[in-house]
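# Architecture and fold: a report
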Amino acid sequence: MSRVVVITGPSGVGKGTLIRLLREQLPQLGLSVSATTRPPRPGERDGVEYHFLDEPEFARLAFEGAFVEHAEYAGRRYGTLRSELERRAAAGEPVVLEIEVQGARQVREAIPDALLVFIAPPSREALRERLVGRGTDMPEVVERRLGVAELELRAQDEFEFVVVNDRLEDAVRELVAVVREAIGGPVDCEP
Ligand code: ADP
Ligand code: 5GP
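Now for a quick tour of the structure. As the structure is a prediction and not an experimental result, all values here were calculated from the model.

## As for the packing of helix α1 (residues 15–25) against helix α7 (residues 168–183)
Viewed as axis vectors pointing N to C, α1 and α7 meet at an angle of 55°, and their least axial separation amounts to 10 Å. Comparing their axes, α7 and α1 come out oblique. In this structure, α1 meets α7 at a crossing whose hand is right-handed. Of the residues in α7, those touching α1 at Thr-17, Leu-18, Leu-21, Leu-22 and Gln-25 are Leu-168, Ala-171, Val-172, Leu-175, Val-176, Val-179 and Arg-180. Split by residue class, the contact of α1 with α7 holds nine nonpolar, two polar and one charged.

## A look at the sheet that holds strand β2 (residues 30–31)
Across the sheet, five strands lie side by side as β2-β7-β1-β8-β9; this open sheet has parallel pairing. The strands lining the two open edges of the sheet, one partner per strand, are β2 and β9 (161–164). Bridge count between β2 and strand β7 (residues 95–98): two bridges; the pairing is parallel. In the sheet register, Gly-30 faces β7, and the bridge partner there is Val-95. Here α1 sits on the sheet in contact with β1 (4–8), β2, β7 and β8 (115–120), set at roughly 170° to β7. Strands in contact with helix α4 (residues 101–110) are β1, β7 and β8; relative to β1, the strand with the most contacts, it is inclined by about 155°.

## A short note on the side chain of Glu-100
Mapping Glu-100 onto the fold places it in the loop between β7 and α4. Buried and without a salt bridge, Glu-100 has Arg-105 as its closest oppositely charged side chain, separated by 7.1 Å. Of the polar contacts made by the side chain of Glu-100, one reaches the backbone nitrogen of Gly-103; its length is 2.8 Å.

## A word on the site of ligand 1
Contacts to ligand 1 come from 14 residues, most closely from Gly-12, Lys-15, Thr-17, Arg-134 and Asn-165. At a separation of 3.0 Å, an oxygen atom of ligand 1 approaches a polar backbone atom of Gly-14. Between ligand 1 and Asn-165, the relevant distance is 2.8 Å, taken from a nitrogen atom to a side-chain nitrogen or oxygen of the residue. Burial of ligand 1 by the protein amounts to 73% of the accessible area it has alone, namely 570 Å².

## Concerning the site of ligand 2
As a matter of local geometry, ligand 2 sits amid 16 residues, with Arg-38, Tyr-50, Tyr-78, Glu-100 and Arg-145 nearest to it. Between an oxygen atom of ligand 2 and a side-chain N or O atom of Tyr-50, the distance comes to 2.5 Å. Within the backbone of Thr-80, an N or O atom sits 3.4 Å from an oxygen atom of ligand 2. Here ligand 2 loses 96% of its free accessible area of 510 Å² to cover by the protein chains. Breaking the shell around ligand 2 down by element, the ones donating at least two residues are β5 (67–73) and β6 (76–81). Looking at side-chain class alone, the shell around ligand 2 contains five nonpolar, four polar and seven charged residues.

What counts as what
- Residue positions are counted from 1 within each chain, in the order its sequence is given.
- Labels are handed out in written order, letters beginning with A for the chains and numbers beginning with 1 for the ligands.
- Selection of residues for local features in this predicted model requires a pLDDT of at least 70, selection of side-chain atom pairs for listing and counting requires 80 or more, and totals for whole chains, interfaces and linings are taken over all residues.
- Only hydrogens and water are set aside when side-chain values are computed; all heavy atoms of the structure are taken into account.
- Only the contacting stretch of a helix is used when fitting its axis, a line to C-alpha atoms as for every element, and angles between N-to-C directions run 0 to 180 degrees.
- Secondary structure elements are defined from DSSP: runs of H or I of at least 4 residues count as helices, runs of E of at least 2 residues count as strands, and each element is numbered from the N terminus.
- Here the angle decides the label: under 35 degrees means roughly parallel, over 145 means roughly antiparallel, 65 to 115 means roughly perpendicular, and every other value means oblique.
- Handedness of a helix crossing follows the sense of rotation of the near helix relative to the far helix, less than a right angle counterclockwise being left-handed and clockwise being right-handed.
- Whether two residues touch is decided by their heavy atoms; if any such pair falls within 4.5 Å, the residues are in contact.
- Charged means Asp, Glu, Lys or Arg here, nonpolar means Ala, Val, Leu, Ile, Met, Phe, Trp, Tyr, Cys or Pro, and polar covers whatever is left, Gly included.
- Two strands form a pair only when DSSP identifies at least two bridges running between them.
- The rule is simple: take the accessible area with a 1.4 Å probe, protein chains only, and divide by the maximum for that residue type; under 20% is buried, over 50% is exposed, in between is partly exposed.
- Asp and Glu count as negative and Lys and Arg as positive, but His and the ends of the chain are not part of the count.
- Any carboxyl oxygen of Asp or Glu that lies within 4 Å of a side-chain nitrogen of Lys or Arg is treated as forming a salt bridge with it.
- Any pair of nitrogen or oxygen atoms within 3.5 Å is treated as a polar contact; in protein, a donor-acceptor pairing is required on top of that, and neighbouring residues in sequence qualify only through side-chain atoms on both sides.
- To be near a molecule or strand, a residue needs just one of its heavy atoms within 4 Å of it.
- Surface accessibility follows the Shrake-Rupley procedure with a 1.4 Å probe radius. Residue values consider only the protein chains on display as shielding.

Okay, structure coming up:
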């Protein structure tokens, strides 16, 4: 049984959307709140979407070994705090991480029984449309993220589970099945 679930894949593919829907069906799954040096988007709250840190704070925590994994992504730093996982592990709760590919590789090394799932877009055009349509990033940031996505898409064969997020309902169903199996949650019975 795996207590740590990693959802990875390119920016804009739908990781956040899928995790929200996944947790509606598996409410026992806690969400690891990452640390980042990127500025908050409108509406994002410190300690909820992310722990927003400045560069020296992030560097200090990295130096102290406070991160299970950390990576630079499109010019900003992101990392999973050990405390986020240890708190849940002590309570016996499963936890989900939404992280990019370099971080997912580090988790695979650090936590060999973690479940890793790569979320793939149905096409590159769809990925672009979603990133633009989300409306959270300036055009140059979208282009930078699409550049990183090219490298990330090439890494998908490294992952045991790949879910293509084409129709959202289908992707959620697939993801719930894989995660439920891994965390050993209760199986729903048809009425
Ligand atoms: P990520 O967390 O991977 O960066 P998001 O969850 O923010 O991606 O999704 C990016 C955008 O794509 C959002 O506007 C979201 O509503 C949309 N989206 C997610 N899944 C689908 C899907 N299956 N079909 C169409 N749009 C989607
Ligand atoms: P965003 O800026 O869109 O919130 O996130 C950018 C990318 O960083 C996304 O692919 C997201 O999954 C990833 N990310 C978020 N938190 C972490 C983390 O703790 N570690 C790593 N390695 N990547 C993260």
